[in-house]
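# Descriptive analysis of the structure
Each chain, written out:
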Amino acid sequence: MSAGLIAKPVIARRSGALSGTVRIPGDKSISHRALMLGGLAAGRTRIAGLLEGEDVINTARAMRALGATVREEGGTWIVDGLGNGALLEPEAPLDFGNAGTGCRLTMGLIGAYDFTTTFVGDASLSKRPMGRVLDPLRQMGVQVASAEGDRLPVTLRGPKTANPVSYRVPMASAQVKSAVLLAGLNAPGITTVIEPVMTRDHTERMLEAFSANLAVETGAEGERIIRLEGQGRLTGRDIDVPGDPSSAAFPLVAALLVPGSDIILLNVLMNATRTGLIVTLQEMGARIDVLNARIAGGEDVADLRVRSSELKGITVPEDRAPSMIDEYPVLAVAAAFAEGRTVMSGLQELRIKESDRLSAVAAGLKLNGVDCEAAPAALVVHGRPGGKGLGNAAAAVATHLDHRIAMSFLVMGLASEHPVTVDDATMIATSFPGFMELMTGLGAAIE
């Protein structure tokens, strides 16, 4: 949350049927990467549908500070890049606010440059560990100075010439993979990333779209091996950013839970590494129809029709976690209304998000009358169909400045017997500007 913003509690109450057709804001992951690669490419990149949330705007500011020309013109963002290897040393520290993705990917992008850059962020981002990205950069020859525990502020000093590395990602993390690939753009020779479990592949797809020389293959043990040739030419291009499935999750789950609802979500990203929530909800009995499936800008996109559904608890396969890690808070809310027990495991990554997301979800559920148990990397939710007895008119959910916790519990209130209050909603704008207007436009009772 930016300095000077006052916490804004918000209440969600049981709503009538939701209806309408809405376009979801652009995907955050793709928006960050489009700005970065546009700034690094030779020529002009035009980006339609860019997510204009605070996190992405901070990435746009960082690219300007590194010498790219970035401007918005009639809803389209225009980036005139400098060419690969030609970024300039920033005059001041780069401030990423709350944006973990923007910060970590930019560390990769400029870590291998022969200059010094300092990264800073808000109180929440400054608590989050950066070591997972800094370790491979150190192997490439980057000198790192940081606060205790590899936290912000971090200062990077790149080598005269970076070492291309072969790096095996120790955990399923698209951010680490992407940071290494972006650093490899400025290293001679071939940079290789090996990931035991496939994570979201937007960086690989977009590098190819910008004409990087990149190859992906499967190893003997099923691992993914990505090879990138460094110091090649990147060429600017036009990009239409599809709707963010992590944002679509909130109106989608709301429509499943509020009786009589029938909504259409337009232009949603359907990349197979991001559809874990939709697959899981369909297994629970959700009526979600995929309409007009198509390819746009190298990514799979579709419109979704969502109708209210009676859900049943399931055991979510652990290997699905990387494809839906951001969606577990809202899945836990859906599980609270399902018949029976929902078991979610493989959630260790949730401990180091904007908040300890796993603890925050469990605490919010219990506060609102949901029977659940949290383990170090798992959550079990016992549902109450119809939301009977759920909600809490007296106490507010502690969001810990986490936008997904705030939105998930507001969705809960729309179908609970009693209202649900979150202690603060100001930070929702970081990832989903217009969330309140979009939800109330569909008929949600949020105030």
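Residues numbered from 1 in each chain as written. Predicted model: local features only at pLDDT ≥ 70, side-chain atom pairs only at ≥ 80, totals over all residues. Heavy atoms only, no water.

## Thoughts on the pairing of strand 3 (residues 42–48)
Sheet analysis places strand 3 next to strand 5 (residues 76–82), joined by seven bridges and oriented antiparallel. Bridged to Arg 44 within strand 5 is Asp 80. Here strand 3 runs beside strand 14 (residues 238–240); their pairing, made up of three bridges, is parallel. Residue pairing across strands places Ile 47 opposite Ile 239, the latter belonging to strand 14. (Pairing = 2+ DSSP bridges. Helix = DSSP H or I, 4+ residues; strand = E, 2+ residues; numbered from the N terminus.)

## Some details on the sheet that holds strand 14
Strand order in the open sheet made by the four strands is 4-5-3-14, with mixed pairing throughout. Looking at which strands have only one partner, the edges of the open sheet turn out to be strand 4 (69–73) and strand 14. Neighbour-to-neighbour, the strand axes of this sheet turn through a mean angle of 20 degrees, independent of strand direction. As paired strands, strand 4 and strand 5 are joined by five bridges and run antiparallel to one another. Pairing of Glu 73 across the sheet is with Thr 76, part of strand 5. (Axes fitted to C-alpha atoms, helices over the stretch in contact; angles between N-to-C directions.)

## A few points about the pattern of salt bridges
Enumeration according to the criterion identifies 29 salt bridges in this entry. For the salt bridge of Glu 204 with Lys 177, the shortest nitrogen-to-oxygen distance reads 2.9 Å. Taken together, the positions of Glu 204 in helix 7 (residues 202–209) and Lys 177 in helix 6 (residues 174–184) put the pair 27 residues apart, joining distant regions of the chain. Each member of the pair, Glu 204 as well as Lys 177, is classed as buried. Residue Arg 404 pairs with Asp 326 through a salt bridge whose shortest N-O separation is 3.8 Å. Residue Arg 404 is found in helix 12 (residues 403–413), and its partner Asp 326 is found in the loop between strand 17 (299–307) and helix 10 (328–336); the two are separated by 78 residues along the sequence. Of the residues examined, Asp 326 reaches a relative accessible area of 11% and is grouped as buried. Here the residues in one salt-bridge network are Arg 200, Asp 326, Arg 357, Asp 402 and Arg 404, joined through shared partners. (Salt bridge = Lys/Arg side-chain N within 4 Å of Asp/Glu carboxyl O. Buried < 20%, exposed > 50% of the residue type's maximum accessible area, 1.4 Å probe, protein only.)

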